[in-house]
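Each chain, letter by letter, is given below.
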Amino acid sequence: MKKENSLFELIHSLDNNEKRYFMLEATSKRKDSNLSKLFEFLSSQKKYNEEAILKKFAGESFSKQLHVTKNHLYEAILKSMRAYNIEKSLEHKLKGMLHDVQFLYDKRLVHQAKTILKRVKNLAEEYEKYTTQLEVLDWEAKILASQFYVGSIEKDIDNISDKYYEILEKLQNSREYSDLQSKMFNNYYKEGIERKNENYKTNDQIINQFILKDENRALSFKARCCFFNIHSIYYKINNNWEKAYEYRKKLLQLFEESKRISPEEMNMHFAAVNNLLPVSLHLEKYKEVTNLIATMRNITESYPKVKVSEDIEMKIFTHSNIAELSMYVRIGETEKGLKLIENITSFIDENERKIRKFPLLHLYYNIAYFYFSIGKYSQSIQWMNKILNDNSLKSVEDIHSSAHILTMILQYEQGRDELLSYLARSTHRYLNKLEGLYDFETILLSFLKKNSSTKNKKDLQKNFKKLREQLAQTRYQPGERNALSTIDLLAWVDSKIEGIPFHEIMKRNASQG
């Protein structure tokens with residue numbers, strides 16, 4: 001993003017409530033009228049256009065120094081959002097209360113400052129805000145000194161010091177777990193989660209760290225969350241889905257038993273539900289998946305005092321529908337899937353810009369895959385092209401890889417033999433750039449190239465049976481399971497061998513499971 005577009009990007013990141021709050025604040029101050037005018041105009045622009053801005057405000061004096069006004073507007077928005085978020089974020093609230101302590105202390109209203117400081121201390125201890133707790137201790141020591149230690153004893157000073165080092169220990173412990181979690185997730189998402197995970201030996205080294213041997217070594221709620229997260233992703237990478245499920249369940253149980261009601265906890269609770277969903281889907285626990293989707297959609301009800309942001313609303317919508325649509329593919333539920341897609345597309349038409357790109361592309365993929373599953377190949381290709389034409393995020397290579405593979409299968413299904421040879425070469429080049437092809441990708445690409453023009457039904461069926469044998473014998477590689485589970489290739493091959501629609505094969509497999 002170019003520097004001159006930073007203001008435009010900031011304005012368009014605001015939700016409607018945030019924009020309304022800023023405008024009310026700006027219009028209440030006559031000196032800020034220029035800022036509100038510029039704010040409104042930039043809000044109306046679909047794409048940043050400085051020439052249009054200069055033309056619109058040609059008669060205004062501020063247009064002669066537009067860069068200065070833009071800087072003032074940028075700063076004014078950030079200042080306004082600090083005030084707007086003071087109750088929305090516990091961190092903002094605690095910082096605001098500490099500012100109040102400073103103000104009262106400067107006014108020599110020390111007794112009042114101590115009253116607010118006690119409230120800050122209680123909140124910081126309840127929600128394990130260790131850096132704030134350290135600030136509180138600094139204030140307690142400062143107030144003792146300002147009162148010349150009247151009424152205090154040496155033990156009071158020792159207590160502050162002991163508590164300080166106790167918090168530092170917890171802070172270091174939390175940092176260690178957080179760092180290990182970041183390293184594990186970095187390995188998982190590096191170069192896209194579908195590529196071969198060359199770092200799985202490093203993951204073994206992470207999981208064998210002393211502090212990961214016993215959850216009781218995690219000294220805080222956040223550290224325990226990291227403990228369960230690290231183990232669950234480790235077992236998922238290594239294809240041990242039952243163990244991954246066990247740790248995902250333990251993580252969710254932490255939040256179900258917690259009485260914390262801050263925005264941070266709500267977001268972490270949402271993530272715990274969202275991370276358990278794909279594991280439960282893989283293990284075909286469909287009743288639990290249905291319950292988890294309901295839990296996700298109603299999660300804000302568990303946090304009645306938390307202001308619900310537009311971002312969490314978009315995340316709930318996107319991820320719950322990804323899970324539900326994925327489940328309908330797996331159980332061959334066509335009618336409910338089609339009805340759900342109607343609702344999804346209607347919502348996307350109005351809110352696409354508000355949804356983060358990563359989950360949005362995942363939603364596109366699931367819509368395309370559902371259409372593929374019921375034989376609506378043209379509709380599937382339309383949604384697939386939305387993914388293939390988007391190169392904005394390197395971290396969605398898992399979706400781009402699967403999109404390339406599924407696009408080839410779609411072209412095969414539509415009998416576009418002339419495209420398959422070209423697509424096979426371009427897909428091979430694309431996947432090879434991601435540190436090599438998986439065995440199943442090499443097998444499938446070879447099959448599609450060789451059989452694109454095969455018309456003899458007996459020969460084709462014979463070749464499909466051979467393809468199935470080859471895919472069934474493909475050995476698992478750490479990190480590869482995500483790729484294989486994105487498209488159920490064996491079910492597709494079975495549908496070709498038996499002459500039964502793909503969704504019927506999926507329904508049969510689900511009923512037998």
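Remember, predicted model here, so these are calculated numbers, not experimental data. (Residues numbered from 1 in each chain as written. Predicted model: local features only at pLDDT ≥ 70, side-chain atom pairs only at ≥ 80, totals over all residues. Heavy atoms only, no water.)

**Remarks on the side chain of S220**
Here is the rule: The numbering of helices and of strands both runs from the N terminus, where a helix is a DSSP run of H or I of at least 4 residues and a strand a run of E of at least 2. In this scheme, a residue with accessible area under 20% of its type's maximum is buried, one over 50% is exposed, and one in between is partly exposed, where area comes from a 1.4 Å probe on protein chains only.
Structurally, S220 is set in the loop between α10 (200–207) and α11 (221–237). A relative accessible area of 1% places S220 in the buried class.

**Here's the deal with the confidence of the model for the chain**
Counted only if it meets this: The score called pLDDT rates the predictor's confidence residue by residue, from a low of 0 to a high of 100. Note on contacts: a residue pair is in contact if any heavy atoms of the two residues lie within 4.5 Å.
When pLDDT is averaged across the chain, the result is 86; 90% of the residues are at 70 or more. Of all helices and strands in the chain, the one with the weakest mean pLDDT is helix α23 (residues 481–486) (47), whereas helix α14 (residues 286–297) scores best (96). Low confidence marks residues 191–195, where pLDDT is under 50. Its contacts with residues over four positions away, or in another chain, come to 26 contacts. Confidence drops under a pLDDT of 50 for residues 478–485, and excluding neighbours within four residues, the segment shows 29 contacts in the predicted structure.

**Thoughts on the nonpolar core**
Note the cut-off: Joining through side-chain atoms within 4.5 Å is the link that ties buried Ala, Val, Leu, Ile, Met, Phe, Trp, Tyr and Cys residues into a set, and such a set is a nonpolar core.
Grouped together as the largest cluster of nonpolar side chains are 111 residues, with contacts concentrated most on F464 and W492. Leave out the neighbours within four places in its chain, and W492 touches F372, I409, Y412, E413, L444, L448, F464 and F502. Residues F41, Y48, L66 and M81 belong to the second largest nonpolar core, which totals 23 residues.

**Examining the side chain of D15**
The cut-off we apply is this: Any N or O atom pair separated by 3.5 Å or less is treated as a polar contact, with the protein-specific requirement of one donor-capable and one acceptor-capable atom, and with residues adjacent in sequence counted only for side-chain atom pairs.
With respect to the helices and strands, D15 occurs in the loop between α1 (6–13) and α2 (16–27). A distance of 2.8 Å separates a polar side-chain atom of D15 from the backbone nitrogen of E18.

**Some remarks on the state of the cysteines**
Structurally, a disulfide amounts to a covalent bond that connects the sulfur atoms of two cysteines. Formally: Whenever a pair of cysteine sulfur atoms sits within 2.5 Å, that pair is classed as a disulfide.
All told, the structure shown has zero disulfides when counted by the stated rule. In this model C226 remains outside any disulfide bridge; the closest cysteine sulfur is found in C225, 6.9 Å from its own. Residue C226 is classed as buried on the basis of its relative accessible area, which comes to 4%.

**Thoughts on helix α16 (residues 334–351)**
This is how the line gets drawn: Expected span of a helix: the number of residues minus one, times 1.5 Å. The arc under discussion is defined with respect to the helix axis, by the directions toward the C-beta atoms.
Across its 18 residues, α16 extends 25 Å between first and last C-alpha, which sits within 8% of the 26 Å expected from 1.5 Å per residue. Taken residue by residue, α16 has G337, L340, I341, I344, I348 and N351 as its buried positions. Seen end-on, α16 carries its buried residues on one side only, within an arc spanning 110°. Opposite the buried face of α16, at more than 90 degrees from it, the exposed residues are E335, D349 and E350. For α16, the elements touching its buried residues are α15 (310–331) and α17 (357–373).

**Let's talk about the packing of aromatic side chains**
Basically, it comes down to this: The rule is short: rings of Phe, Tyr and Trp, with Trp giving its six-membered ring, pair when the centres are within 6.5 Å, and they are stacked under 30 degrees, edge-to-face over 60, tilted in between.
Counted under the stated rule, the structure contains 24 aromatic pairs. Where Y105 meets W139, the ring centres are 5.2 Å apart and the plane angle is 70°; that geometry is what we call edge-to-face. In this pair, Y105 is assigned in helix α6 (residues 90–106) and W139 in helix α8 (residues 130–146), connecting sequence segments 34 residues apart. Of the two residues examined, Y105 and W139, each falls in the buried class. Look at Y369 and F372: their rings are 6.0 Å apart centre to centre, the planes differ by 10°, and that puts the pair in the stacked class. With Y369 and F372 both in helix α17, this residue pair falls three residues apart, about one helical turn.

**A closer look at the pattern of salt bridges**
Short version of the rule: Think of a salt bridge as a Lys or Arg side-chain nitrogen and an Asp or Glu carboxyl oxygen that are within 4 Å of each other.
All told, the structure shown has 20 salt bridges when counted by the stated rule. The salt bridge involving K250 is made with E246; its shortest N-O contact spans 3.5 Å. Here the residue K250 and the residue E246 both occupy positions in helix α12 (residues 241–257), the gap between them amounting to four residues, near one helical turn. In this structure E246 comes out as partly exposed when scored by relative accessible area, which is 29%. Taking the shortest distance from any N to any O, the salt bridge between E288 and K249 comes out at 3.2 Å. Of this pair, E288 sits in helix α14 while K249 sits in helix α12, and the two are 39 residues apart along the sequence.

**Some thoughts on α12**
Here α12 is 17 residues long and its end C-alpha atoms lie 24 Å apart, about the 24 Å a rise of 1.5 Å per residue gives. Three or more residues of α12 are buried, namely W241, A244, Y245, Y247, R248, L251, L252, L254 and F255.

**Here we look at the packing of helix α20 (residues 417–433) against helix α21 (residues 439–451)**
Test applied: Angles run from 0 to 180 degrees between N-to-C directions of axes, and those axes are lines fitted to C-alpha atoms, restricted for helices to the stretch in contact. Each angle is binned into one of four classes, with values under 35 degrees roughly parallel, values over 145 roughly antiparallel, values of 65 to 115 roughly perpendicular, and all other values oblique. In this scheme the crossing of two helices becomes right-handed for a clockwise turn of the near helix relative to the far one and left-handed for an anticlockwise turn of less than a right angle.
For the pair α20 and α21, interaxial distance at closest approach is 9 Å and the crossing angle is 165°. For the element pair α20 / α21, the angle class is roughly antiparallel. Our pair here, α20 against α21, has a crossing hand that is left-handed. Each of L420, A424, T427, H428 and L431 in α20 lies in contact with α21, whose residues at this interface are E441, L445, L448 and K449.

**Focus: the packing of α15 against α17**
A pair of packed helices is characterised by two quantities: the angle between their axes and the separation of those axes. What counts is decided by this rule: Only Asp, Glu, Lys and Arg are considered charged, only Ala, Val, Leu, Ile, Met, Phe, Trp, Tyr, Cys and Pro nonpolar, and every remaining residue, Gly among them, polar.
α17 packs onto α15 with a crossing angle of 20° between their chain directions and a minimal axis gap of 9 Å. With respect to each other, α15 and α17 are oriented roughly parallel. For α15 against α17, the interelement crossing comes out left-handed. Counting all contacts with α15, which are made through F317, T318, H319, N321, I322, L325, S326, Y328 and V329, the residues of α17 involved are P359, L360, H362, L363, N366, I367, Y369, F370 and S373. The residue makeup of the contact of α15 with α17, split by class, is 11 nonpolar, seven polar and no charged.

**Some details on the environment of Y235**
Inspection of the secondary structure puts Y235 in helix α11. With 10 residues separating them along the chain, Y235 and Y245 place their C-alpha atoms 8.9 Å apart. When residues no more than four places from it in sequence are discounted, the contact partners of Y235 are N240, K243, A244 and Y247.

**Comments concerning a positive patch on the surface**
This is how the line gets drawn: For patches, a residue must show more than 30% relative accessible area and have no salt bridge; joins then use 9 Å for like charges and 5 Å for nonpolar side chains, namely Val, Leu, Ile, Met, Phe, Trp and Tyr. Throughout, the Shrake-Rupley method with a 1.4 Å probe supplies accessible areas, and for residues the shown protein chains are the sole cover considered. In this charge count, Lys and Arg are treated as positive and Asp and Glu as negative; neither His nor the chain ends contribute. Where a charge lies is defined by one atom per residue type, namely NZ (Lys), CZ (Arg), CG (Asp) and CD (Glu).
Taken together, the side chains of R425, R429, K433, K449, K450, K462 and K466 define a basic patch exposed on the protein surface. Among the secondary structure elements, those contributing two or more residues to the positive patch are α20, α21 and α22 (457–472). A per-element tally of the positive patch places α20 first, with three residues. The topology assignment puts K449 in helix α21.

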